[in-house]
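# Residue-level structure breakdown
In case you want the letters, here they are:
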Amino acid sequence: SQQGEEDPQALSIQEGENATMNCSYKTSINNLQWYRQNSGRGLVHLILIRSNEREKHSGRLRVTLDTSKKSSSLLITASRAADTASYFCATDADSGGSNYKLTFGKGTLLTVNP
Amino acid sequence: DAGITQSPRHKVTETGTPVTLRCHQTENHRYMYWYRQDPGHGLRLIHYSYGVKDTDKGEVSDGYSVSRSKTEDFLLTLESATSSQTSVYFCAIRQASSYEQYFGPGTRLTVT
């Protein structure tokens, strides 16, 4: 079963606008990750936020985490056409241990129109 | 691509035939994973490995087996392919010191 669920399923914006995607999950986590997938390619890791962090930045990306609501958001500022991709959140299904596994959501398809 | 290759990249096979997909990495990472990606389901973990000859099942392991006889290779086998196994298969690796996973380019498998 999916641990993370992204919302919305699809998002279409104009270049230069900000894009916000949300992720909700069900059980306690150690950390939450966001990945990007361009059409026909493998996933690329974007950012990781630990359960004791509330906000993290990386370039034009801003991730927030609210463990009380079991939710995270990914904000892409000043979007570009090259940001067009599917975005996935991923959570660790098991707490701790060396056999670390991720559970992925179904993704948000972001389209940035020139 | 973190030195990960998958072969073949595309394959069409018939129901009932065995199929083996190969994931090869060049950086000696301990952890390797096989996922399948289907519309409406996102990525789902099939099997993973935490060392040579050390493997375990994921969420959707039925109908699949894996083997890892060398650090660099992680093989996924469909013993008798079914149409429900038509999918895109991704291999991923993880460094022991971090949580991020790095993905290969994928294998598109069609079972007719």
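Notes on the structure follow. What you see is a predicted model; the values in this text were computed from it and never measured.

### Thoughts on the overall build of chain A
Of the regular secondary structure elements, chain A holds zero helices and 11 strands. By the compact-globule yardstick of 13 Å for 114 residues, chain A fits well, its C-alpha radius of gyration being 14 Å. For the C-alpha atoms alone, the extent of chain A along its principal axes is close to 45 × 30 × 20 Å. Taking the contacts inside chain A whose residues are at least 6 apart along the sequence as the reference set, 56% of them involve residues at least 24 apart. For chain A, the computed accessible surface area is about 5,300 Å², with 44% contributed by carbon and sulfur atoms. In chain A, which carries 13 positive and 11 negative side-chain charges, the distance between the mean positions of the two groups comes to 4 Å.

### Side note on the pairing of strand E8 (residues 73-78) of chain B
All names here are of chain B. Here E8 lies mainly inside the structure; five of its six residues are buried. Both strand E3 (residues 19-25) and E8 contribute to a ladder of six bridges, which runs antiparallel. Residue pairing across strands places Leu 21 opposite Leu 76, the latter belonging to E8. Where strand E7 (residues 64-70) and E8 come together, five bridges link them in antiparallel fashion. Looking at E8, one finds that Val 66 is bridged to Leu 76.

### A word on the state of the cysteines
All names here are of chain B. Under the defined criterion, the tally for this structure stands at two disulfides over all chains. Cys 23 shares a disulfide with Cys 91; S-S distance 1.9 Å. For the disulfide bridge between Cys 23 and Cys 91, the dihedral angle about the S-S bond is near -70°, and by the sign convention the bridge is left-handed. Highlighted residues: Cys 23 in strand E3 and Cys 91 in strand E9 (residues 87-94), separated in sequence by 68 residues.

### Brief notes about the environment of Thr 64 of chain A
Residue and element names in this part refer to chain A. Residue position: Thr 64 is located in strand E7 (residues 61-66). A residue is classified by how much of its surface remains accessible, and Thr 64, at 17% relative accessible area, is buried. When the C-alpha atoms of Thr 64 and Leu 75 are compared, they prove to be 8.5 Å apart, with 11 residues separating the residues in sequence. Sequence-distant contacts of Thr 64, defined by excluding residues within four places in its chain, comprise Ile 49, Arg 54, Glu 55, Ser 71, Ser 72 and Ser 73. Here the side chain of Thr 64 touches Ser 73 through a polar contact of 2.5 Å, side chain to side chain.

### A look at the layout of surface pockets
Picture a little ball the size of a water molecule; that probe, rolled over the atoms, points out where space is still empty. By volume, the largest pocket amounts to about 540 Å³. Lining the largest pocket are 29 residues, with Gln 37 and Gly 40 of chain A together with Gln 37, Val 88 and Arg 108 of chain B positioned closest to its centre. Mapped by element, the contributors of at least two residues to the lining of the largest pocket are strand E9 (85-92) and strand E11 (108-113) of chain A together with strand E4 (31-38), E9 and strand E11 (107-111) of chain B. When the residues that make up the lining of the largest pocket are grouped by side-chain class, the tally is seven nonpolar, 17 polar and five charged.

### Digging into the nonpolar core
Residues and elements named next belong to chain A. With 22 residues, the main nonpolar core has Leu 32, Trp 34, Leu 74, Ile 76, Tyr 87 and Leu 110 as its most contacted residues. Of all the secondary structure elements, the ones that give two or more residues to this core are strand E2 (10-14), strand E3 (19-25), strand E4 (31-37), strand E5 (43-50), E7, strand E8 (71-76), E9 and E11. For this core, the element with the highest residue contribution is E3, accounting for four residues.

Rules used throughout
- Residues numbered from 1 in each chain as written.
- Chains lettered and ligands numbered in written order.
- Predicted model: local features only at pLDDT ≥ 70, side-chain atom pairs only at ≥ 80, totals over all residues.
- Heavy atoms only, no water.
- Helix = DSSP H or I, 4+ residues; strand = E, 2+ residues; numbered from the N terminus.
- Rg over C-alpha atoms; globule rule 2.2 N^0.38 Å.
- Contact = heavy atoms within 4.5 Å.
- Areas by Shrake-Rupley, 256 points an atom, 1.4 Å probe, with all protein chains shown as cover.
- Lys, Arg positive; Asp, Glu negative; His and termini not counted.
- Charge placed at Lys NZ, Arg CZ, Asp CG, Glu CD.
- Buried < 20%, exposed > 50% of the residue type's maximum accessible area, 1.4 Å probe, protein only.
- Pairing = 2+ DSSP bridges.
- Disulfide = S-S within 2.5 Å.
- Polar contact = N/O pair within 3.5 Å; in protein donor to acceptor, adjacent residues only side chain to side chain.
- 1 Å grid on protein atoms, 1.4 Å probe; cavity = no way out; pocket = protein on both sides within 12 Å on 5 of 7 lines; lining within 4 Å.
- Points joined across faces, edges and corners; volume = space filled by probe spheres on them.
- Nonpolar A, V, L, I, M, F, W, Y, C, P; charged D, E, K, R; others polar.
- Core = buried A, V, L, I, M, F, W, Y, C linked by side-chain atoms within 4.5 Å.

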